[in-house]
Every structure is written in C-alpha cells, then in structure tokens.
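Each chain, letter by letter, is given below.
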Amino acid sequence: MILVTGGTGLVGSHLLFNLLNRGYKVKVLLRPTSNKENISRTFSFYTQNPSELLKNITWAEGNLLDLQSLEAALDGVTRVYHTAAFVSFKKKDKAKVLQTNIGGTANLVNLCLERGIEKFCHVSSIGALGQSEPGMAITEDLLWKPSKNVSAYSLSKYHSEMEVWRGITEGMNAVIVNPSVILGPGDWTNGSPLLFSLIDKGFDYYTTGVTGYVDVRDLVNVMVQLMESDIVNERFTVSAENLTYKQFFDYVAAALNKPIPQKQLARWKAELLRRLEAALGMLTGKSPRITKETTHIAYAKSFYDSTKLTKTIGYSFTPIEQTIRNVAAIYEQNCAQQ
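This report concerns the structure included in the present document. Everything numeric here is computed off the predicted structure, so don't read it as measured data. (Residues numbered from 1 in each chain as written. Predicted model: local features only at pLDDT ≥ 70, side-chain atom pairs only at ≥ 80, totals over all residues. Heavy atoms only, no water.)

1. Describing helix α6 (residues 152-169)
Test applied: Counting from the N terminus, the helices are the DSSP runs of H or I reaching at least four residues and the strands are the DSSP runs of E reaching at least two. A helix is expected to span 1.5 Å multiplied by its residue count minus one. By definition, residues are in contact when any of their heavy atoms lie within 4.5 Å.
A rise of 1.5 Å per residue sets the reference length of α6, with its 18 residues, at 26 Å; its end C-alpha atoms lie 26 Å apart and thus fit the reference within 8%. Its buried side turned inward, α6 meets α5 (94-115), β5 (119-123), β7 (174-179) and β11 (234-238). One or two positions beyond α6, positive phi appears at G171, with a value near 110°.

Quick look at the structure:
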C-alpha cells in the first residue's frame, strides 16, 4: 500500500491518477477541510469515468501535525509519496508555512523510521536549491545560502528537506525531487493554472524574469520511476526548460488564441504597486496580492539544469510549448462545459 500526502493538489492528484493506472493500491491522507472533488476533476481531464478510479482509493482522514491520525494513516503502508505543503507568500502566513511544512515533514519522517517504511519520495522545490551567481545554472549540488530575498516558503522547503536528510542518516531510504514551476490543468483560480485564466481574460503585462518549467505528468512519471528503481538517498532537479516570462506568456496566449502581452512592467512600477497593496492591506485588513517575495521572483533570472536526472534515468521531458498547448486545450474544454 502506498500513502500519498497532498492528494488534492496539482501534483498529488496527478500522482494518484498515475499510480492507480499502474495498478497500485493507494491511500490518501485527507484533511477534513480538503475537497475530494479536486481529485475527481483532475481525473476527469484524462478519463470519462473518474468515479471508477476514485473507488480504488482508501481515504485516511487526518493531517501532518496530528500524530495520532498520521499513525493510523500509515497502517499497512510500505511506501510514501510526500507531496503536501502549505504554499503562501503572505507575511501573515509565515508561522503556518514553517510549522506545517517543517513540522509536518518531521512528523512523517519520524513515523516512517519507526514503521520501517521501504522508501520515501519527498517533493521539494527549486526554492530549496538556493541562488547561484548571475548566469550560472542552478542544480541539486548548489549549496544553500541564507538571503534576505528567500521567502518563508522556500525556507520551509529547505528545512523540510533537512528533515528528510536526517531521516536518511537514521536509515530511511528516500529520494528527493526539486521541481521548477509545475504546469498542468487543475484549479484555474490558483497556482500555475491561474496563469491560463489571466491570459484568457486579457492580461497585457509581463516582467523580465526567467525561470524553469516542467509538465506535471513528467514530474510524477519521474517520481514513480525513481521510486520503482534501486536509487536511494539522492536528490534531483526536475525542470524541462528555462523560459523568460515573456516567452511563457506568449506561448499561453498563442495556445488560447489571445493577444500576446505587449507591456513590459518596469520593476519600479511593480515595487510601487507592492507598496500600495501593502498600504491598502493595512487599511482594509486584506492580504496584499503582491508581496516582496513575489516581486523578487517576477524579476529574478534563474536557470535550472536537470542533467543529473536525465543521465541517471534517461528521462526525456515534454517540450514546454507542447505542455502549454495540452493544458490550454483542457482549459478551453473545461471552461466551455461550465
């Protein structure tokens, strides 16, 4: 039996579809507030009978900070895919981000050691890889350096990894993946799927940053392939291509048959908007949509290299332009049905 945490998320739901189609028995750790419909929606993108696959899932109600429920979820489990994380770049959520991601991972690692779990797959982030010198590629070998530009989320993912490495030193077999921006169909109001909604509605601005991208189906294929292999105690950057935000937005606009963004947003304007958002937040009590961390990301030029992964398992990534066309087609079909 395989336990999957974060099963209602973009990665988790695609991982479940992959594992179930391979015939694995799967259990999902599900918080009481989580929505199973997120999983059903993802399945519906790829099959006409999502309910048939859903019948094969064993549900375990609980969360990573509740040891009793976590212990019960691990009953009968031999392998674990840890995809759950609390993602936020808002200052007010810092404590929750750190507690959930670090403390939750520590709890899971401790119980996996206690239960003698065969193998553990930890989904980390490129945010845990650190920052390279300008123009240099970022890989899994880069040493982490503290920085004022590091977000609470990136910090939490770095320390979550440290918990996994601690588990490894204590005898746990594990693999760690550090994906770049993950592209796939899902909740069109959140995460990378939101970018397709924005372009569809006429988003006309772009920033000058560069980052890496990977198809969610490639990511879960890599995870399963690593877990099925004899590879243990290794970490891999998982990124298909590096694109400027302008290139990415142009690809999305072309796939949706929308005008491409034409206006470059100068950094000083973004900083001004951020400060205005912060001021409005203080007056209204609402969380700002633009933060110091998201502004930094929008203008950072980060290049990622997955050579270690491709040499180790011989994986060939889907071209990102093709991924974008695939996601756009699902987006258009999904929105047409609503």
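2. Focus on the nonpolar core
For the record, the criterion: Among buried residues, those of type Ala, Val, Leu, Ile, Met, Phe, Trp, Tyr and Cys that are joined through side-chain atoms within 4.5 Å constitute a nonpolar core. The buried label goes to any residue with under 20% of its type's maximum accessible area, the exposed label to any with over 50%, and the partly exposed label to all in between, with areas taken from a 1.4 Å probe on protein chains only.
With 37 residues, the main nonpolar core has F43, Y81 and M223 as its most contacted residues. Counting residues per element, this core draws most heavily on helix α8 (residues 216-228), at eight residues. Excluding residues within four positions of it along the chain, F43 makes contact with S13, L16, F17, L20, P50, L53, L54 and I57.

3. Section: the side chain of T139
Relative to the assigned elements, T139 resides in the loop between β6 (137-138) and α6. A relative accessible area of 19% means that T139 is categorised as buried. Once residues within four sequence positions are removed from consideration, T139 is found in contact with L129, T237 and D305.

4. Describing the sheet that holds strand β12 (residues 241-244)
For clarity, the cut-off: At least two DSSP bridges between two strands are required for those strands to pair. Fitted lines through C-alpha atoms give the axes, limited to the stretch in contact for helices. The angle between two N-to-C directions lies from 0 to 180 degrees.
Sheet architecture is open: three strands sit in the order β8-β10-β12, paired in mixed fashion. Whereas interior strands pair on both sides, the edge strands pair on one side only; in this sheet they are β8 (181-183) and β12. Sheet twist, expressed as the average angle between the axes of neighbouring strands with direction ignored, equals 45°. Two elements, strand β10 (residues 210-215) and β12, share four bridges in a ladder whose sense is antiparallel. The partner of V210 across the bridge, within β12, is T244. Against the sheet, α8 makes contact with β8 and β10, and its axis sits at roughly 70° relative to β10, the strand it touches most.

5. Quick notes on helix α2 (residues 37-44)
We apply this condition: Comment: arc refers to directions from the helix axis out to C-beta atoms.
Taken residue by residue, α2 has I39, S40, T42 and F43 as its buried positions. Viewed end-on, α2 has its buried residues packed into an arc of 160°, placing them on one side of the element. Its buried side turned inward, α2 meets α1 (10-21), α3 (50-54) and β3 (57-61).

6. Regarding the packing of aromatic side chains
Here the distance between the centres and the angle between the planes together describe a pair of aromatic rings. Heads up, the condition is: Centres within 6.5 Å are what make two rings of Phe, Tyr or Trp a pair, Trp counting through its six-membered ring; a difference in plane orientation under 30 degrees is then read as stacked, over 60 as edge-to-face, and the rest as tilted.
Enumeration according to the criterion identifies 10 aromatic pairs in this entry. A ring pair is formed by F17 and Y46, whose centres lie 5.4 Å apart and whose planes are at 40°; its orientation type is tilted. Pair noted here: F17 is in helix α1 and Y46 is in the loop between α2 and α3, with a separation of 29 residues, a long-range link. The buried category is assigned to F17, whose relative accessible area is 17%.

7. Thoughts on the pattern of salt bridges
For side chains of opposite charge, pairing can occur when their charged atoms come near one another. This is how the line gets drawn: A carboxyl oxygen of Asp or Glu within 4 Å of a side-chain nitrogen of Lys or Arg is what we treat as a salt bridge.
On inspection of all chains with the given rule, the structure shows 12 salt bridges. Across the pair E161 and R235 runs a salt bridge whose closest N-O atoms are separated by 3.0 Å. Remark: R235 occurs in strand β11 and E161 occurs in helix α6; sequence separation between them is 74 residues. The pair formed by E161 and R235 is uniform in burial state, with each residue classed as buried. Across the salt bridge formed by K258 and D200, the nearest N and O atoms sit 3.5 Å from each other. Of the two residues, K258 sits in the loop between α9 (245-255) and β13 (263-264) while D200 sits in helix α7 (residues 193-200), which places them 58 residues apart along the sequence. Since its relative accessible area comes to 32%, K258 is described here as partly exposed. Through salt bridges with shared partners, a single network forms among E163, R166 and E170.

8. Focus: the sheet that holds strand β4 (residues 79-82)
Taking strand neighbours across the sheet as the criterion, the seven strands line up as β3-β2-β1-β4-β5-β7-β11 in an open arrangement whose pairing is parallel. The strands lining the two open edges of the sheet, one partner per strand, are β3 and β11. On average, adjacent strands in this sheet sit at an angle of 20° to one another, irrespective of strand direction. Here strand β1 (residues 2-5) runs beside strand β2 (residues 26-30); their pairing, made up of four bridges, is parallel. The residue bridging V4 from the neighbouring strand is V28, located in β2. The strands touched by α8 are β4, β5, β7 and β11; relative to β7, the strand with the most contacts, the crossing angle is about 165°.

9. Digging into the environment of V216
Looking at the element boundaries, V216 is found in helix α8. Among the residues examined, V216 registers a relative accessible area of 0% and is labelled buried. Sequence spacing of V216 and I182 is 34 residues, and the spatial spacing of their C-alpha atoms is 5.5 Å. With residues up to four places along the chain from it excluded, the contact list for V216 reads L10, V11, H14, I182, L183 and G184.

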